[in-house]
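Listed below are the residues making up each chain.
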Amino acid sequence: MSDNDITPFRISIPQADLDDLHERLARTRWIDELPGAGWERGVPTSYLRELAGYWSETFDWRAIESRINEYPQFTTVIDGQNVHFLHIRSARPGATPLLLLHGWPGTVADFLDMIGPLTAPDPELPAFHLVIPSLPGHGFSGPITESGWNDGRMAAALAELMDRLGYARYGVHGGDHGAFLGPKLGRIAGEHVLGVHANALVTFPTGDPADMAALTETERRRLGEMKQFQDDGSAYMQLAGSRPNTLAQLLADSPAGQLGWIVEKFKEWTDRGHDLPDKAIDRDRMLATVSIYWFTDTARSVANFYYERFHDATMFAPQPRGTVATGVAVFTTADFAIRRFAEKTHNIVHWSEFAAGGHFPAMEVPDLLVGDIRAFFGAL
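Residues numbered from 1 in each chain as written. Predicted model: local features only at pLDDT ≥ 70, side-chain atom pairs only at ≥ 80, totals over all residues. Heavy atoms only, no water.

> Residue-level account of a nonpolar patch on the surface, with values.
Among the surface-exposed residues, Val202, Phe204 and Phe316 lie close enough to one another that they form a single nonpolar patch of about 280 Å² accessible area. Locating Phe316 in the fold gives a position in the loop between helix 14 (299–310) and strand 8 (325–330). (Patch = residues over 30% accessible without salt bridge, like charges linked within 9 Å, V, L, I, M, F, W, Y side chains within 5 Å. Areas by Shrake-Rupley, 256 points an atom, 1.4 Å probe, with all protein chains shown as cover. Salt bridge = Lys/Arg side-chain N within 4 Å of Asp/Glu carboxyl O. Helix = DSSP H or I, 4+ residues; strand = E, 2+ residues; numbered from the N terminus.)

> With reference to specific residues and values, describe the pairing of strand 6 (residues 170–175).
In terms of burial, strand 6 is a largely internal element, six of the six residues being buried. Burial along strand 6 is two-sided: Tyr170, Val172 and Gly174 facing one way and Gly171, His173 and Gly175 facing the other are all buried. Relative to strand 6, strand 4 (residues 96–101) runs parallel, the two being bridged by four bridges. Residue Leu99 lies in a different strand from strand 6, and its bridge partner there is Val172. A crossover connection joins strand 6 to the parallel strand 7 (residues 193–199) through helix 6 (residues 177–188); in handedness this β-α-β unit is right-handed. (Buried < 20%, exposed > 50% of the residue type's maximum accessible area, 1.4 Å probe, protein only. Pairing = 2+ DSSP bridges. Right-handed = clockwise from strand over helix to strand, strands pointing away.)

> Describe helix 9 (residues 235–242), naming the residues involved and giving the relevant values.
Among all positions of helix 9, only Tyr236, Met237, Ala240 and Gly241 are buried. Down the axis, helix 9 shows its buried residues gathered within 120° of arc, on one side only. Residues of helix 9 that are buried make contact with helix 8 (217–232), helix 10 (244–253), helix 11 (255–269) and helix 14. (Arc of directions from axis to C-beta. Contact = heavy atoms within 4.5 Å.)

> Quick one: what's the story with the environment of Thr7, residue by residue and with numbers?
In this fold, Thr7 is placed in strand 1 (residues 6–8). For the pair Thr7 and Arg222, spaced 215 residues apart in the sequence, the C-alpha separation amounts to 44 Å.

> Describe the sheet that holds strand 3 (residues 81–88), and please don't skip the residues or the numbers.
Think of a sheet as strands paired side by side through backbone hydrogen bonds, with each pair either parallel or antiparallel. Overall, mixed pairing links the nine strands, which are arranged 1-2-3-5-4-6-7-8-9 in an open sheet. Each edge of the open sheet carries a strand with a single partner, namely strand 1 and strand 9 (347–353). Strand-to-strand twist across the sheet, computed as the mean angle between neighbouring axes with direction ignored, equals 25°. Relative to strand 7, strand 6 runs parallel, the two being bridged by six bridges. Each residue of the ladder has a partner; that of Gly174, found in strand 7, is Ala198. Together, strand 1, strand 2 (73–78), strand 3, strand 4, strand 5 (128–134) and strand 6 form the strand contacts of helix 5 (residues 151–164), whose direction differs from that of strand 2 by roughly 120°. Of the strands in this sheet, strand 4, strand 5, strand 6, strand 7, strand 8 and strand 9 are in contact with helix 17 (residues 366–379), which crosses strand 7 at around 150°. (Axes fitted to C-alpha atoms, helices over the stretch in contact; angles between N-to-C directions.)

> Would you mind going over the pattern of salt bridges in detail, with residue names and values included?
Under the counting rule described, the total for this entry stands at 20 salt bridges. The partner of Glu65 in a salt bridge is Arg62, and the shortest N-O contact between them spans 2.9 Å. One end of the pair, Glu65, and the other, Arg62, are both in helix 3 (residues 61–69), three residues apart, so they sit about a helical turn from each other. Residue class for Glu65 comes out buried when judged on its relative accessible area of 7%. Among the ionic pairs, Glu160 bridges to Arg164, the shortest N-O distance being 3.1 Å. One end of the pair is Glu160 and the other is Arg164, both in helix 5 and four residues apart, which spans about a single turn. On the accessibility criterion, Glu160 (28% relative accessible area) is partly exposed. The network of salt bridges with shared partners includes Asp20, Arg24 and Asp253.

Take a look at the structure:
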């Protein structure tokens, strides 16, 4: 066997790991609550405790495992790191290869509702061969084994994966981390990338007074929300980016802690039209995400990715404008993208704005995301 080998894979979490999860949840020492406190102080204990009880007593991990195992999965070693991925080929001749990239908190399970519509659509709609990796250090790719896995190294590994699968020309879609990695792939492998589609694209003010003066009311609101996020919503990122091991030890030892850490983001970043996160995303799908991070013991690697990004001098350094065709979908919550800023950095040829959905459109509004991906790549 060589490092270039691609090996079939199936998820099979040992029963002992499920038993251990249930035992740890049963022994949780819950914090008390201040009277009248809501989500502004983090996840309310009453909600978290009820959700943990559901996770332990009702949630069916084996059903999630079986659902993912319906699709062909593989692993391969790239740059010394194990990489897990789903690979679903469309029966349609001439289907477009498409790399789907999750973020955090995200996994390959984010895209389950999109696989059928993208690989086997109606005859008049575009079809895609899908490659859906667990990002190195995330989920079933398992923990990273050495430092240095920053965005550039991860993008290079993803380019190698597509090359190893024989795809000389392909599209990329990504959100969150994927919205950083997709454009980076377009820069380092532009001759192979047909186009990049993103949601949750991060755009920064240019500093040009004319750009600032031309901002619409909606764009000014987004800029204000981005400032609010930096001031009051980015502590998770600052902690991971500065002290990843300290944070990871807490999450690796306490499933209730891991649950709260992730569910907080499902509440803050989903469509604000819902008062609870499991109203925006199915409760079992939320717990599938938490379970995957718990069972794969990747808390350290996930936190380390932020550390590598924060300590990468090239990450936010000025760079030439990208040339690969780029499409952006903007959803209602935790999405601060502003087109006039994006156009300074990316070759924007498609821009859509939606009145529903949030940071997790693949799970919140998969039909809207599928339609926008079709529209973007269909035009290319």
